[in-house]
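Each chain, letter by letter, is given below.
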Amino acid sequence: MSEIRLSEEDFKKLYQILDHPVTGFDCGAVCSKKNDGVPVCCEVNVVIPVLYKSEFDYVCKQSDLWQEFVPDMKTDAHLMDDCGYDDVMAICKGHKNCDRKHRSFVCRTFPFYPFIDENGVFLGLTYNYDFEDKCVIVGKHDIINKQYIKESIDAWNHLFSIDEMEFEAHYNLCRDIHKKRKRQRKPLHIISLKGVVKL
């Protein structure tokens, strides 16, 4: 499989496709009340956004919202687990200074993953269940904007059409998520414009 490096223009396009809020209310404001005033998705001690190098270059040219996160290898080495060779760990100015039009792709897609079945068919979105007890969105299908679902699915389809390695990575991730949910005897939800299906 040939290597495909996503360009800055690719991320400009992805940001244009996926710009709708997940819910019709400020979920961060609700979440922060139970998390010392900080939305869980914006808490540096919990989540360090991983951006493509080209994405990081793009957002840094557009605003001063982002800067590279340099981990302390004595205490932060585990944070590198999800960081590939062409990725940058980055931090922003925080939720109080969020410039929404310059949010990263991972910010826009949280708390969801694209779900790809065993036959390689992209079925829709599923939750990042690591945040099942922390994020007010996980498991609350009825609060998710349909326009967000459409834009998110469109964005992932666009990304997969230009980056086969990203598709393969998420295919493998979905196998791990499905196995984990089975071990836990918990359902895995697939969200699409047709509704919600449990596996």
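Everything that follows concerns the structure shown earlier in this document.
Every value quoted in this text rests on a predicted model; they were computed, and no experiment measured them. (Residues numbered from 1 in each chain as written. Predicted model: local features only at pLDDT ≥ 70, side-chain atom pairs only at ≥ 80, totals over all residues. Heavy atoms only, no water.)

Asker: Please give an account of the overall build of the chain that cites residues and values.
Answerer: For the chain, the count of helices and strands is six helices and seven strands. Ordering the α and β elements of the chain from the N terminus gives α-α-β-α-β-β-α-β-β-α-α-β-β. Computed over C-alpha atoms, the radius of gyration of the chain comes to 16 Å, within 12% of the 16 Å expected from 2.2 N^0.38 for 199 residues, which places it in the range of a compact globule. Taken over the C-alpha atoms alone, the chain extends approximately 45 × 40 × 35 Å along its principal axes. Per-residue burial over the chain gives 42% buried out of 199 residues. Excluding contacts between residues fewer than 6 apart, the proportion of contacts in the chain whose partners are at least 24 apart in sequence is 70%. Accessible surface, the chain as shown: approximately 11500 Å² in total, 50% of it carbon and sulfur. Separation of charge centres in the chain, based on 28 positive and 32 negative side chains, amounts to 7 Å. (Helix = DSSP H or I, 4+ residues; strand = E, 2+ residues; numbered from the N terminus. Rg over C-alpha atoms; globule rule 2.2 N^0.38 Å. Buried < 20%, exposed > 50% of the residue type's maximum accessible area, 1.4 Å probe, protein only. Contact = heavy atoms within 4.5 Å. Areas by Shrake-Rupley, 256 points an atom, 1.4 Å probe, with all protein chains shown as cover. Lys, Arg positive; Asp, Glu negative; His and termini not counted. Charge placed at Lys NZ, Arg CZ, Asp CG, Glu CD.)

Asker: Go over the pairing of strand S7 (residues 195–198) with me, naming the residues and quoting the values.
Answerer: For strand S6 (residues 189–192) and S7, the ladder comprises four bridges, and the chain directions are antiparallel. Its bridge partner being in S7, Ile190 is matched across the sheet by Val197. In textbook terms, the turn of a hairpin is the stretch between consecutive antiparallel strands, and for S6 and S7 this stretch comprises two residues. (Pairing = 2+ DSSP bridges.)

Asker: How would you explain the packing of helix H1 (residues 8–17) against helix H5 (residues 146–162) if you had to name every residue and give the values?
Answerer: With their axes 8 Å apart at the nearest point, H1 and H5 run at an angle of 160° to one another. On the basis of the axis angle, H1 is roughly antiparallel to H5. Considering how the two elements wind past one another, H1 and H5 form a crossing that is right-handed. Contact with H1, carried on its side by Asp10, Lys13, Leu14 and Ile17, involves Glu151, Asp154, Ala155, His158, Leu159 and Ile162 of H5 and no other residues of that element. Classifying every residue of the contact of H1 with H5 gives five nonpolar, one polar and four charged. (Axes fitted to C-alpha atoms, helices over the stretch in contact; angles between N-to-C directions. Parallel < 35°, antiparallel > 145°, perpendicular 65-115°, else oblique. Left-handed = near helix turned anticlockwise from the far one by under 90°. Nonpolar A, V, L, I, M, F, W, Y, C, P; charged D, E, K, R; others polar.)

Asker: So, the sheet that holds strand S3 (residues 87–92): which residues are in play, and what are the values?
Answerer: Strand pairing in a sheet is mediated by backbone hydrogen bonds. Such pairs are either parallel or antiparallel. With antiparallel pairing, three strands are arranged side by side in an open sheet as S1-S3-S2. Since the sheet does not close on itself, it has two edges, and those belong to strand S1 (50–52) and strand S2 (66–68), each with one partner. Sheet twist, expressed as the average angle between the axes of neighbouring strands with direction ignored, equals 55°. In this sheet, S3 lies alongside S1 in antiparallel orientation, the contact comprising three bridges. Residue Val50 lies in a different strand from S3, and its bridge partner there is Met89.

Asker: Before we move on, can you summarise the pattern of salt bridges with the specific residues and values?
Answerer: A complete count under the given rule lists 10 salt bridges for this structure. In this structure, Glu132 and Arg181 form a salt bridge, with 3.1 Å as the shortest nitrogen-oxygen distance. Residue Glu132 is found in the loop between strand S5 (122–127) and H5, and its partner Arg181 is found in helix H6 (residues 164–183); the two are separated by 49 residues along the sequence. Residue classification places Glu132 among the partly exposed positions, given a relative accessible area of 28%. Put simply, Asp19, Arg103 and Arg108 are held in one network by salt bridges that share partners. (Salt bridge = Lys/Arg side-chain N within 4 Å of Asp/Glu carboxyl O.)

These results come straight from atomic positions and should not be treated as a statement about function.
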